[in-house]
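Next come the chains, spelled out residue by residue.
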Amino acid sequence: MQQAVSLLARREHSSRELRDKLRARSFSAEAVEEALATLRQKDLQSDQRFAEACARSLMDRGYGSLRVAGELRERGVSGDIAQEFESLAREKEFERACEVLRRKTGTRQQQLRFLNQRGYPGEIARRAVDVALRESRDD
């Protein structure tokens, strides 16, 4: 329990991340599950809170909704919660894509590839690149 609280004091963790870290420190499966249940009961660990912190961090760093959902699923967040934050990430996704491209130069293909790698859906990426190229011509 002490190890789990210590890990959570540094940053939020998903249940799976916490489980994996505690198991790597040679705690028994039973002890780990008991500690996780206690932490959830005391609201010290929450996949919902972890997902929100992770999603906001990714969005603040310019990542798209597909990347947000993928990262959350990769870290063990349930599909429902990941989908909720994917929807949240879509709210201002076009504006974020345009902002990311304002700091990025390159050809149309390079910019599209860049946005796709950052997890932006194809249609959003194409629209944002069109705006960025139009703005760069206007300068």
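Definitions and limits used
- Residues numbered from 1 in each chain as written.
- Predicted model: local features only at pLDDT ≥ 70, side-chain atom pairs only at ≥ 80, totals over all residues.
- Heavy atoms only, no water.
- Core = buried A, V, L, I, M, F, W, Y, C linked by side-chain atoms within 4.5 Å.
- Buried < 20%, exposed > 50% of the residue type's maximum accessible area, 1.4 Å probe, protein only.
- Helix = DSSP H or I, 4+ residues; strand = E, 2+ residues; numbered from the N terminus.
- Contact = heavy atoms within 4.5 Å.
- Expected span 1.5 Å × (residues − 1).
- Arc of directions from axis to C-beta.
- Phe/Tyr/Trp six-rings, centres within 6.5 Å; stacked < 30°, edge-to-face > 60°.
- Lys NZ or Arg CZ within 6 Å of the ring centre and 35° of its normal.
- Patch = residues over 30% accessible without salt bridge, like charges linked within 9 Å, V, L, I, M, F, W, Y side chains within 5 Å.
- Areas by Shrake-Rupley, 256 points an atom, 1.4 Å probe, with all protein chains shown as cover.
- Salt bridge = Lys/Arg side-chain N within 4 Å of Asp/Glu carboxyl O.
- Polar contact = N/O pair within 3.5 Å; in protein donor to acceptor, adjacent residues only side chain to side chain.
- Lys, Arg positive; Asp, Glu negative; His and termini not counted.

(A) Quick peek at the nonpolar core. Among the nonpolar cores identified, the biggest contains 15 residues, and A97, L101, L115, Y120, A128 and V129 are the most heavily contacted of them. For this core, the elements supplying multiple residues, two or more each, are helix 7 (93–102), helix 8 (108–117) and helix 9 (122–138). For this core, the leading source of residues is helix 9, giving 7 residues. Leave out the neighbours within four places in its chain, and A128 touches F94, A97, C98, L101 and L115. Membership of the second largest hydrophobic core comes to 14 residues, among which are A55, M59, Y63 and A89.

(B) Region of the structure containing helix 6 (residues 79–90). Taking 1.5 Å of rise per residue, 12 residues should cover 16 Å, and helix 6 covers 16 Å from first to last C-alpha, within 8% of that figure. Looking at helix 6, one finds that the buried residues are I81, A82, F85, E86 and A89. Axial view of helix 6: buried residues confined to an arc of 140 degrees, hence all on one face. Contact partners of the buried residues in helix 6: helix 4 (47–60), helix 5 (65–74) and helix 7.

(C) Just the packing of aromatic side chains, in detail. Scanning the entire structure with this criterion turns up 0 aromatic pairs. The ring of F114 has K104 sitting right over it, with the charged end atom 4.6 Å from the ring centre. Positioned above the aromatic ring of Y63 is the side chain of R118, whose terminal nitrogen or guanidinium carbon lies 4.1 Å from the ring centre.

(D) Region of the structure containing a nonpolar patch on the surface. Together, M1, V5 and L44 make up an exposed nonpolar region whose accessible area comes to about 230 Å². Tracing the chain through its elements places M1 in the segment before helix 1 (2–10).

(E) Here's a closer look at the environment of S136. Tracing the sequence through the fold places S136 in helix 9. Note on S136: relative accessible area 45%, which makes it partly exposed. Sequence spacing of S136 and M59 is 77 residues, and the spatial spacing of their C-alpha atoms is 24 Å. A polar contact of 2.9 Å, which involves the side chain of S136, links it to the backbone oxygen of L133.

(F) Molecular detail of the side chain of D47. Following the sequence through the fold, D47 ends up in helix 4. The buried charged residue D47 lacks any salt bridge, with R40 as its nearest oppositely charged partner at 6.3 Å. Here S15 takes part through its backbone nitrogen, which lies 2.7 Å from a polar atom of the side chain of D47. The residues contacting D47, other than those within four sequence positions of it, are H13, S14, S15, G76 and I81.

(G) How the structure looks around the pattern of salt bridges. Across all of its chains, the model carries 14 salt bridges by this definition. With its nearest N and O atoms 3.7 Å apart, the salt bridge here joins E52 to R56. Here R56 and E52 lie together in helix 4, a separation of 4 residues that amounts to about one turn. When its relative accessible area of 39% is taken as the criterion, R56 is described as partly exposed. R126 is the salt-bridge partner of E123, the closest N and O atoms lying 3.4 Å from each other. Within this pair, E123 and its partner R126 are both found in helix 9, separated by 3 residues, close to a single helical turn. Owing to a relative accessible area of 44%, E123 belongs among the partly exposed residues under this scheme.

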